[in-house]
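# Reading the structure
In case you want the letters, here they are:
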Amino acid sequence: MASAPPDDSRRFQWSWVVIGLCVAITVYLAIVPLGFLLWQSFFTPQTADTAARFTFGNYREAYGSSETWTLLRNSLGFAVGASLFSFVVGAGLAWMNERTNTPFKTLFYGLSVIPLIIPSVLFTVSWILLASPKIGIINLVLKDLLGLEHHVFDIYSLWGMIWVDGLH
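Notes on the structure in this doc start here. (Residues numbered from 1 in each chain as written. Predicted model: local features only at pLDDT ≥ 70, side-chain atom pairs only at ≥ 80, totals over all residues. Heavy atoms only, no water.)

### As for the overall build of the protein
- Each helix and strand counted, the protein has eight helices and zero strands in total.
- Tracing the protein from N to C terminus, the helices and strands come up as α-α-α-α-α-α-α-α.
- Its C-alpha atoms give the protein a radius of gyration of 28 Å, more than 25% over the compact-globule value 15 Å for 168 residues.
- Along the three orthogonal principal directions, the C-alpha set of the protein runs to about 90 × 75 × 25 Å.
- By sequence separation, contacts in the protein at least 24 residues apart represent 33% of the contacts at least 6 residues apart.
- Across the protein, the 9 positively charged side chains and the 10 negatively charged ones have centroids separated by 7 Å. (Helix = DSSP H or I, 4+ residues; strand = E, 2+ residues; numbered from the N terminus. Rg over C-alpha atoms; globule rule 2.2 N^0.38 Å. Contact = heavy atoms within 4.5 Å. Lys, Arg positive; Asp, Glu negative; His and termini not counted. Charge placed at Lys NZ, Arg CZ, Asp CG, Glu CD.)

Next comes the structure, spelled out in structure tokens:
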């Protein structure tokens, strides 16, 4: 007579204890500082002379300022611009590489991985060295060749940041 296989549903599994412990530690490390930050945002700073007071003034000051809305508009413009630019360039290159018989297809396919390999800081610094208004090589060469007094490209502008982030 063959013996029945052991019933695994009643067996205690340590893997669930380890997973639960990891989740509890992660929640503790994330929620406690976030809760403390949120709680303290409703109080004025405590000094040696005055105790902290409950207030909504911090939020009024932060979100009532016109500078906050300018920053939000610039951030949204940057995000939308970089996303659209990278989508158009990426879709165009993908279409060219997959749907046409362009020469050097395998080279372009291999080069498409390069932005994943190059660190973002190195990519950004290289564009600063190329298109900075004062020290950018492209601007310096164009000033000399065309006899211009002002720079042509400004990598520090919103359009320059969209260009760098969209390409990367």
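### Observations concerning a nonpolar patch on the surface
- A cluster of nonpolar side chains, L130, I137, V141, L145, L146, L148, V152 and F153, forms an exposed patch at the surface whose accessible area comes to about 710 Å².
- It is helix α7 (residues 137-146) that contributes the most residues to the nonpolar patch, four residues altogether.
- Relative to the helices and strands, L148 is located in the loop between α7 and α8 (158-167).
- Given a relative accessible area of 37%, L148 falls into the partly exposed group. (Patch = residues over 30% accessible without salt bridge, like charges linked within 9 Å, V, L, I, M, F, W, Y side chains within 5 Å. Areas by Shrake-Rupley, 256 points an atom, 1.4 Å probe, with all protein chains shown as cover. Salt bridge = Lys/Arg side-chain N within 4 Å of Asp/Glu carboxyl O. Buried < 20%, exposed > 50% of the residue type's maximum accessible area, 1.4 Å probe, protein only.)

### Points about unusual backbone geometry
- Its identity is not glycine, yet F104 carries a phi of approximately 60°, on the positive side.
- Tracing the sequence through the fold places F104 in the loop between α3 (66-99) and α4 (105-111).

### Here we look at the layout of surface pockets
- Taken as a whole, the largest pocket encloses approximately 460 Å³ of empty space.
- Of all the secondary structure elements, the ones that give two or more residues to the lining of the largest pocket are α3, α4 and α8.
- Split into classes, the residues belonging to the lining of the largest pocket amount to nine nonpolar, six polar and one charged. (1 Å grid on protein atoms, 1.4 Å probe; cavity = no way out; pocket = protein on both sides within 12 Å on 5 of 7 lines; lining within 4 Å. Points joined across faces, edges and corners; volume = space filled by probe spheres on them. Nonpolar A, V, L, I, M, F, W, Y, C, P; charged D, E, K, R; others polar.)

### What about the packing of aromatic side chains?
- Under the criterion given, the structure shown has nine aromatic pairs.
- Ring centres 5.1 Å apart and planes at 55° place the aromatic pair W39 and F43 in the tilted group.
- Centroid distance F43 to F54: 5.7 Å. Interplanar angle 80°. Geometry classified as edge-to-face. Taken as a pair, F43 in the loop between α1 (14-40) and α2 (57-64) and F54 in the loop between α1 and α2 lie far apart in primary sequence, 11 residues in all.
- A relative accessible area of 18% places F43 in the buried class. (Phe/Tyr/Trp six-rings, centres within 6.5 Å; stacked < 30°, edge-to-face > 60°.)

### Quick look at the packing of helix α6 (residues 120-131) against α7
- Interaxial distance between α6 and α7 falls to 3 Å at its minimum, and their mutual angle equals 15°. The pairing of α6 with α7 is recorded here as roughly parallel in orientation. For the pair α6 and α7, contact is made by L129, L130 and A131 and by I137, I138 and N139, respectively.
- Residue composition of the contact of α6 with α7, by class: five nonpolar, one polar and no charged. (Axes fitted to C-alpha atoms, helices over the stretch in contact; angles between N-to-C directions. Parallel < 35°, antiparallel > 145°, perpendicular 65-115°, else oblique.)

### Here's the deal with the packing of α3 against α8
- Contact pair α3 / α8: the axes reach a minimum separation of 8 Å and the direction vectors enclose 45°. Put simply, α3 runs oblique to α8. Taken as a pair, α3 and α8 cross one another with a handedness that is right-handed. Residues N74, G77, F78, G81, A82, F85 and S86 of α3 form the contact with α8, whose own contacting residues are L158, M161, I162, W163, D165, G166 and L167.
- Its residues placed into classes, the contact of α3 with α8 shows eight nonpolar, five polar and one charged. (Left-handed = near helix turned anticlockwise from the far one by under 90°.)

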